[in-house]
Amino acid sequence: MEEKDLKQLVAAMSLEEKALQLTQFPVYEWEGHASAVVTGMSNYGNISCDDLWKSGTTLNAPDGETVLSVRRRRREKGIDDPFLVMFDVIHGYRTIYPVPVAMACSFHTELIEDCACLAATEAKYDGVDLTFSPMVDLVRDARWGRVMESGGEDPYWSGEVGKAMIRGYHRGGIACCVKHFAGYGAAEAGREYNTTDISERNLREYYLPTYRACLEEDPEMFMSSFNLLNGKPILGHKEIVVDLLRKEWGFDGVLISDYGAVDEMRNHGYCATGKECARVAIESGLDIEMASPDYVRYLPELIREGTISEEKVDECVLRVLKLKNKLGMYEAPERYTDLKKRDEVTLSEEARVLVRRAAEESCVLLKNNGALPLKEEENIALIGPFADSKEIIGTWQAMGRCEESVSVKEGVEHLLGREVPCAGGCSGMLFSGDESAIEDAVKLASRADHIIACVGEHMSNSGEAHARADIRITKVQRKLIERLYTLRKKLTLVVFGGRPLVLSDVEKYADAILYVWQPGTEGGNAIANLLYGKAVPCGKTVMSFPRSTGQCPVYYNCFATGRPRKNDLPTMLGGDSWTTGYDDECNSPLYPFGHGLSYAKFEYEELRLSRETLARGGKLTARVKVKNVGSVDGTEIVQWYLHDEFASVVRPLKELKGYERIFLKAGEEKEISFTITEETLKYYTDSGEYAAETGAFEVFVGGNSRDCLKAGFQLVDGE
Ligand code: NOJ
């Protein structure tokens with residue numbers, strides 16, 4: 001349809017119809033689904049379920065059957081407006097791949113894109129038109145439950161991950177929504193839905209670039225966040241939503257609120273009434289209000305009394321109609337919804353192969369003193385709450401079903417072709433401290449030579465609304481691990497988690513640690529392949545692993561202080577006093593950003609720069625030799641970091657600026673290069689300009705953010 005036709009559609013709508021076009025509730029709110037009793041419209045006063053049939057969009061329709069039936073019933077009621085269905089497809093639809101933070105550890109954008117494409121393909125035939133993904137909130141605090149949905153602590157990489165996801169969704173045939181704009185990941189103390197306070201500089205440099213990067217891939221929608229930012233709810237920040245997102249960045253797609261967030265401005269103490277919430281939101285250019293009723297209740301009244309202009313609302317409605325038009329819904333209102341095709345593509349063998357590979361590439365081998373890979377003839381026992389668990393697919397699993405996933409036990413037994421002794425020992429859930437099964441598990445383990453302990457965090461303890469104040473492995477699991485250690489056998493930990501857990505209490509007992517996050521439907525097969533060397537680990541962590549919860553937030557791209565501590569020891573263990581640090585903890589994380597081992601062994605040599613000075617407009621090439629000195633072929637993620645030594649504003653100690661994923665056969669060596677231009681060195685200077693300042697820079701290269709080779713150059717004004 002032409003834009004003028006869409007405008008005519010808007011012009012023909014009543015004020016009530018316009019408000020409903022901008023109102024989104026889950027279909028079960030008016031479909032008479034059981035949940036209506038709990039969250040239903042009775043809570044919302046004067047809106048009847050009948051009205052809601054005219055909403056222009058919905059979220060969380062349970063399946064394609066419901067989508068088709070709702071669309072049919074709307075037509076029967078004479079509503080011919082296309083009905084757009086949105087859903088949280090976060091890491092797979094029915095075939096589930098690892099949680100996003102894990103996918104990010106693969107440093108493999110094509111793989112991330114392919115997985116997103118798979119999710120979109122399964123989703124679109126089941127009636128989904130748009131996913132509320134990617135979430136590109138920058139995260140630094142592992143206490144926050146939603147780090148599992150993120151691309152980690154680095155703004156550049158997190159943006160790249162988001163971009164790859166968008167490309168995949170588009171290729172698969174659904175639209176997508178970048179969220180949560182802006183700064184939700186900075187929730188104070190990692191506490192869910194908590195306040196954020198982020199300086200203008202911090203926002204521009206660290207929190208905003210991830211969202212902005214996503215714009216390069218043309219996402220259809222942005223979602224505003226729940227958090228209060230610097231004293232105002234996001235929708236109260238016209239300077240961010242209107243001036244920055246719309247005007248400066250030129251985003252002309254749809255802006256949707258998060259669930260109930262418009263009306264929550266009353267709880268924040270920012271708006272006194274629902275009517276005021278509606279006014280504030282519309283003035284910030286919010287198009288769709290999700291799951292609260294202020295638009296539908298008050299927009300017509302606000303227009304009639306002249307508080308807001310009808311044109312303002314028309315602009316929002318037009319944006320929603322344009323989205324429907326972009327998706328072809330005026331010509332094909334069902335889009336791809338096709339139950340037969342859905343059943344053909346869902347959970348196919350091909351899909352399983354892809355998500356298995358994704359899990360293999362995203363697990364991170366944190367430690368290995370040679371215990372891994374296992375030999376098939378080794379006498380092992382699988383112990384721990386996640387050894388025979390299918391609850392390993394991660395939250396936000398869309399239509400994924402735990403019972404369709406592969407447990408570690410199943411994966412290992414399938415690989416070996418024989419049964420393997422297995423015992424849970426205890427529960428993996430928080431607050432479940434029953435120790436009574438530990439001794440039986442220890443007894444069974446005592447007959448093995450190598451114990452594989454599958455421990456960590458249950459999938460229901462991370463994700464939205466699952467912040468934790470203590471991110472250690474639970475006490476009962478720590479006890480299990482200690483008891484297993486006393487057997488003096490080889491001990492490998494396979495650790496599940498939606499966040500980097502604090503492993504300090506247990507890592508000392510382990511010969512090897514494979515961090516498998518929440519690995520998805522094919523988790524058990526992937527883990528078995530990694531344990532037995534059928535696949536070689538290559539994931540690199542995108543979040544620093546804290547040594548203790550009290551270290552949070554700990555992240556690699558931090559600033560130097562005026563009193564750096566040289567020896568990285570706690571003061572009480574000899575750390576230089578009166579320097580930055582703790583009495584009782586080191587400053588460094590247990591495992592740094594970018595860390596991850598392989599069965600191959602990589603050595604970096606001869607970092608050389610093509611010149612010692614870089615003129616503005618010129619370029620400089622850094623080269624390094626990477627050699628696989630091990631006896632196994634493997635993939636390495638070569639990481640390039642920069643440091644601006646002195647600047648008008650203090651710069652982070654290291655910033656990831658590039659990476660290369662290379663495959664090296666045993667004994668093979670490759671020269672890797674990285675081009676640096678003035679552009680690479682730019683940042684928001686003290687005067688607010690995005691520019692590079694002359695002076696000294698350090699360039700680092702390595703297999704993680706800590707152990708790097710280093711060289712230096714100068715940016716100069718002349719030749
Ligand atoms: C709340 C979450 O914050 C958001 O990420 C999600 O997309 C919406 N609910 C819809 O389910």
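Going along each chain's sequence as written, the residues are numbered from 1 onward. Only residues with pLDDT of at least 70 are given local features in this predicted model, and only at 80 or more are side-chain atom pairs given and counted; all residues enter the totals for whole chains, interfaces and linings. Think of the side-chain values as coming from all heavy atoms in the structure, minus any hydrogens and water.

Looking only at helices and strands, the protein chain features 22 helices and 26 strands. With C-alpha atoms as the basis for the radius of gyration, the globule rule is written as 2.2 Å multiplied by the number of residues raised to the power 0.38. Here the protein chain has a C-alpha radius of gyration of 26 Å; the compact-globule value for 719 residues is 27 Å, and the two agree. A buried classification covers 61% of the 719 residues belonging to the protein chain. The contact definition used throughout considers only heavy atoms, calling two residues in contact when any of these lie within 4.5 Å. The contacts of the protein chain with a sequence gap of at least 6 include a subset with a gap of at least 24, amounting to 77%. Runs of E in the DSSP output that reach at least two residues are strands. Runs of H or I that reach at least four are helices, and both are numbered from the N terminus. Relative accessible area decides the class of each residue, using a 1.4 Å probe on protein chains only: under 20% of the type maximum gives buried, over 50% gives exposed, and in between gives partly exposed.

It is worth spelling out the environment of Phe 559 at this point. For Phe 559, the location among the structural elements is in the loop between α22 (523-531) and β17 (602-609). In the structure, Phe 559 is positioned 92 residues away from Arg 651 in sequence and 6.4 Å away in space, judged by C-alpha atoms. With sequence-adjacent residues up to four places away left out, Phe 559 is seen in contact with Tyr 206, Val 650, Arg 651, Pro 652 and Leu 653.

What follows is about the pattern of salt bridges. A side-chain nitrogen of Lys or Arg and a carboxyl oxygen of Asp or Glu constitute a salt bridge if their distance falls within 4 Å. Scanning all chains against the criterion turns up 72 salt bridges. With a shortest N-O distance of 2.9 Å, Arg 71 and Glu 334 are connected by a salt bridge. Of the two residues, Arg 71 sits in helix α6 (residues 64-76) while Glu 334 sits in the loop between α15 (310-326) and α16 (339-345), which places them 263 residues apart along the sequence. When sorted by exposure, Arg 71 lands in the same class as Glu 334, which is buried. A salt bridge links Glu 305 to Lys 275; its shortest N-O distance comes to 3.0 Å.

Now for the pairing of strand β25 (residues 695-702). For β25, a buried count of eight out of eight residues is recorded, marking the element as mostly surrounded by other parts of the structure. For two strands to pair, DSSP has to find at least two bridges joining them. Relative to β25, strand β20 (residues 634-644) runs antiparallel, the two sharing six bridges. Within β25, the residue paired with His 643 across the bridge is Glu 698. The antiparallel pairing of β25 with strand β26 (residues 708-716) creates a hairpin that spans five residues between the two strands.

Think of each axis as a best-fit line through the C-alpha atoms, taken over the contacting stretch in the case of a helix, with angles from 0 to 180 degrees between the N-to-C directions. Interaxial distance between helix α19 (residues 438-445) and helix α20 (residues 475-485) falls to 10 Å at its minimum, and their mutual angle equals 30°. By the angle class used here, α19 and α20 are roughly parallel. When the axes of α19 and α20 are compared, the crossing they make is right-handed. Taking contact as the criterion, the partners of Ile 438, Glu 439, Ala 441, Val 442 and Ala 445 in α19 are, on α20, Val 476, Lys 479, Leu 480, Arg 483 and Leu 484. For this classification, the nonpolar set comprises Ala, Val, Leu, Ile, Met, Phe, Trp, Tyr, Cys and Pro, the charged set comprises Asp, Glu, Lys and Arg, and every other residue, Gly included, is treated as polar. Looking at the contact of α19 with α20 residue by residue, the class counts come to seven nonpolar, no polar and three charged. Note on angle classes: values under 35 degrees are labelled roughly parallel, values over 145 roughly antiparallel, values of 65 to 115 roughly perpendicular, and the remainder oblique. Two helices that cross are described as forming a left-handed crossing if the nearer one is turned anticlockwise from the farther one by less than a right angle, and a right-handed crossing if clockwise.

The subject of this paragraph is the site of the ligand. We call a residue near a molecule or strand whenever a single non-hydrogen atom of that residue lies within 4 Å of it. If you check the shell around the ligand, you find 13 residues, and the closest are Asp 88, Arg 146, Lys 179, His 180 and Asp 258. Nitrogen and oxygen atoms within 3.5 Å of one another constitute a polar contact, given that in protein one can donate a hydrogen and the other can accept it, and given that sequence-neighbouring residues count only through two side-chain atoms. In this structure, an oxygen atom belonging to the ligand sits 2.4 Å away from a side-chain N or O atom of Asp 88. A distance of 2.6 Å separates an oxygen atom of the ligand from a polar side-chain atom of His 180. Only the protein chains shown count as covering a residue, and every accessible area follows the Shrake-Rupley method with a 1.4 Å probe. If the ligand stood free it would expose 300 Å²; the protein chains cover 96% of that surface. Residues belonging to the shell around the ligand are distributed by class as follows: seven nonpolar, one polar and five charged.

The next point concerns the sheet that holds β20. Strand pairing in a sheet relies on backbone hydrogen bonds. The paired strands run either parallel or antiparallel. With respect to topology, five strands assemble into an open sheet ordered β18-β26-β25-β20-β21, the strand pairing being mixed. The open sheet is flanked by β18 (613-615) and β21 (655-664), the only strands paired with a single partner. Across the sheet, the mean angle separating the axes of adjacent strands is 25° when strand polarity is ignored.

What follows is about the sheet that holds strand β22 (residues 669-677). Taking strand neighbours across the sheet as the criterion, the three strands line up as β17-β19-β22 in an open arrangement whose pairing is antiparallel. Among the strands making up the open sheet, the edge pair consists of β17 and β22. Strand after strand, the sheet turns through a mean of 20° between neighbouring axes, direction not considered. Bridge analysis of β17 against strand β19 (residues 619-628) gives six bridges, and the strand direction is antiparallel. Looking at β19, one finds that Glu 603 is bridged to Lys 627.

Time to look at unusual backbone geometry. Phi is mostly negative for residues that are not glycine, and the peptide bonds are mostly trans. Here the bond from Ser 133 into Pro 134 is cis, since omega is 10°, no more than 30 degrees from zero. Within the secondary structure, Pro 134 sits in the loop between β4 (130-131) and α9 (155-172). Of note in the backbone geometry, Phe 107 takes a positive phi value of approximately 45° without being a glycine. Its location among the elements puts Phe 107 in the loop between α7 (100-105) and α8 (109-125). Since its relative accessible area comes to 1%, Phe 107 is described here as buried. In this model, Trp 578 sits at a positive phi of 60°, which is unusual for a non-glycine residue. On the accessibility criterion, Trp 578 (74% relative accessible area) is exposed.

So, about the domain arrangement of the protein chain. For the purposes of this description, domain bounds are those given by an automatic or database domain assignment. By the assigned domains, the protein chain splits into domain 1 (3-340), domain 2 (353-530) and domain 3 (602-716). Placing the centre of domain 2 and that of domain 3 at their C-alpha centroids yields a distance of 36 Å.

Another aspect to go through is the pairing of strand β6 (residues 221-224). For a regular strand, side-chain orientation follows a simple rule: the groups alternate between the two sheet faces. Burial along β6 is two-sided: the residues Met 221 and Met 223 and Phe 222 and Ser 224 are all buried. Of the strand pairs in this sheet, strand β5 (residues 175-181) and β6 are connected by three bridges, and their pairing is parallel. The partner of Cys 177 across the bridge, within β6, is Met 221. Read as a crossover between parallel neighbours, the route from β5 over helix α10 (residues 200-215) to β6 is right-handed. As judged from the three bridges shared by β6 and strand β9 (residues 254-256), these two strands associate in the parallel manner. A clockwise course of the path from the first strand over the helix to the second, judged with the strands pointing away from the viewer, identifies a crossover as right-handed.

Moving on, we get to the packing of aromatic side chains. By convention here, two paired aromatic rings are described through the distance between centres and the angle between planes. Here a pair means two rings of Phe, Tyr or Trp (six-membered ring of Trp) with centres within 6.5 Å. Their orientation is stacked below 30 degrees between planes, edge-to-face above 60, and tilted elsewhere. Under the counting rule described, the total for this entry stands at 23 aromatic pairs. On the basis of an interplanar angle of 35° and a centroid distance of 5.3 Å, the ring pair of Phe 386 and Phe 496 is categorised as tilted. Of the two residues, Phe 386 is situated in the loop between β12 (380-383) and α18 (408-416) and Phe 496 in strand β15 (residues 490-496); the sequence distance between them amounts to 110 residues. Per residue, the accessibility class of Phe 386 equals that of Phe 496, and both read buried. An aromatic cluster of at least three residues, connected via ring pairs, comprises Phe 181, Tyr 211, Phe 222, Trp 249 and Phe 251. Whether a charge sits over a ring depends on NZ of Lys or CZ of Arg being within 6 Å of the ring centre and within 35 degrees of the ring normal. The ring of Tyr 206 is capped by Arg 140, whose NZ or CZ atom sits 4.9 Å from the centre of that ring. Across the ring face of Trp 396, the terminal group of Lys 179 is positioned such that the distance to the ring centre comes to 5.6 Å.

The next point concerns α15. Multiplying 1.5 Å by the residue count of a helix minus one yields the expected span of that helix. Compared with the 24 Å implied by 1.5 Å per residue over 17 residues, the 24 Å span of α15 between its first and last C-alpha is a close match. Among the residues making up α15, those that are buried are Val 313, Cys 316, Val 317, Leu 318, Arg 319, Val 320, Leu 321, Leu 323, Lys 324 and Asn 325. Gly 328 sits one or two residues past α15 and shows a positive phi near 75°.

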